[in-house]
Amino acid sequence: MRTIVFVTGNTGKLAEARAKLGPLGFDVTQDKGGYPELQCDSLEEVAKEGVRAVAGRLDCDFILEDAGLFVDALHGFPGVYSAYVNKTLGCEGLLKLMDGTPENGRAARFEAVIAYYEKGTLKLFKGVCHGRISDSMRGGGGFGFDPVFVPTGDDRSFAEMCKNEKNAASHRGRAFDQFVEYLKNGQSGH
Ligand code: ITT
């Protein structure tokens, strides 16, 4: 069993990483040391800055992941500000911002960028999941904006799915698929 150190304070992300990687023979351990999330224009930049900070204190290979929800009707908001907006406005606040937006104008996508720092070299793996913002909160699972996000091809919100169902469709699951491919073959990523 190979160990992967995941630098995250988010137990929802950690549980999803374990559900995805555990059956593939990887033991995911959490590092809660964190890193400053600088105000950057893209998830990739946030992740790269995070790696810079963590590489200074950890003496081993590690991953971290930056994710966000991009809502078309809000011109991509909350995007790189998703963690802050989730803490302050929450799902209810997001639904209020979307008040009056018709069904066909509620498109949104989740994006996740995994940064893997391996022996001084950085690799990025990106996953995207398209969907829409529902008109009410549904489901008790998951975390963050899961109760209001319905992935394309399903009628259920992420919070109504079990971890494996969410991982099969989600931005994080897709980013981890590429990461695992890289670990197996030593290729892809950028
Ligand atoms: P880290 O310690 O890993 O940075 P975090 O919660 O601060 O944890 P991010 O900076 O990546 O993580 O913030 C992204 C926010 O976007 C997160 O807090 C959620 O509110 C939301 N989010 C990201 N992925 C999500 C998912 O799969 N389901 C629901 N909400 C998600």
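Now for a quick tour of the structure. Note that the structure is a prediction, hence the values are computed from the model and not measured.

## Digging into the packing of aromatic side chains
What the rule picks out here adds up to 10 aromatic pairs. Between Phe149 and Phe158, the ring centres sit 5.2 Å apart and the planes meet at 40 degrees, which makes this aromatic pair tilted. Both residues of the pair, Phe149 and Phe158, count as buried. An aromatic cluster is present here, built from Phe6, Tyr116, Phe125, Phe176, Phe179 and Tyr182 joined pairwise through their rings.

## Here's the deal with the sheet that holds strand β6 (residues 149-151)
With mixed pairing, six strands are arranged side by side in an open sheet as β2-β1-β3-β4-β5-β6. Each having just a single partner strand, β2 (26-31) and β6 make up the two edges of the open sheet. On average, adjacent strands in this sheet sit at an angle of 40 degrees to one another, irrespective of strand direction. For strand β1 (residues 2-7) and β2, the ladder comprises six bridges, and the chain directions are parallel.

## Looking at the environment of Arg18
Secondary-structure assignment places Arg18 in helix α1 (residues 11-21). Classification of Arg18 by relative accessible area gives partly exposed; the value is 40%. Residues Arg18 and Val28, spaced 10 residues apart in sequence, show a C-alpha to C-alpha distance of 5.9 Å. Those residues in contact with Arg18 that sit more than four places away from it in its chain are Pro23, Val28, Thr29 and Gln30. At 2.9 Å, the side chain of Arg18 forms a polar contact with the backbone oxygen of Val28.

## Thoughts on the site of the ligand
What surrounds the ligand is a group of 20 residues, the closest being Thr8, Lys13, Glu37, Asp146 and Lys166. The contact in question runs from an oxygen atom of the ligand to an N or O atom on the side chain of Lys13, over 2.8 Å. Take Asp146: an N or O atom from its side chain is 2.6 Å from a nitrogen atom of the ligand. Relative to its unbound accessible surface of 600 Å², the ligand loses 91% to contact with the protein. Contributing elements (two or more residues each) for the shell around the ligand: β3 (62-71), α3 (82-88) and α6 (171-185). Class assignment for the residues of the shell around the ligand results in six nonpolar, seven polar and seven charged.

## Considerations on the layout of surface pockets
Size it by volume and the largest pocket reaches roughly 700 Å³. As for the largest pocket, its lining consists of 32 residues, of which Asn10, Lys13, Glu37, Ser82 and Ala83 are closest to the centre. Among the residues making up the lining of the largest pocket, the classes are represented as 14 nonpolar, 10 polar and eight charged.

Criteria and thresholds
Residues numbered from 1 in each chain as written. Predicted model: local features only at pLDDT ≥ 70, side-chain atom pairs only at ≥ 80, totals over all residues. Heavy atoms only, no water. Phe/Tyr/Trp six-rings, centres within 6.5 Å; stacked < 30°, edge-to-face > 60°. Buried < 20%, exposed > 50% of the residue type's maximum accessible area, 1.4 Å probe, protein only. Pairing = 2+ DSSP bridges. Helix = DSSP H or I, 4+ residues; strand = E, 2+ residues; numbered from the N terminus. Axes fitted to C-alpha atoms, helices over the stretch in contact; angles between N-to-C directions. Contact = heavy atoms within 4.5 Å. Polar contact = N/O pair within 3.5 Å; in protein donor to acceptor, adjacent residues only side chain to side chain. Near = heavy atom within 4 Å. Areas by Shrake-Rupley, 256 points an atom, 1.4 Å probe, with all protein chains shown as cover. Nonpolar A, V, L, I, M, F, W, Y, C, P; charged D, E, K, R; others polar. 1 Å grid on protein atoms, 1.4 Å probe; cavity = no way out; pocket = protein on both sides within 12 Å on 5 of 7 lines; lining within 4 Å. Points joined across faces, edges and corners; volume = space filled by probe spheres on them.

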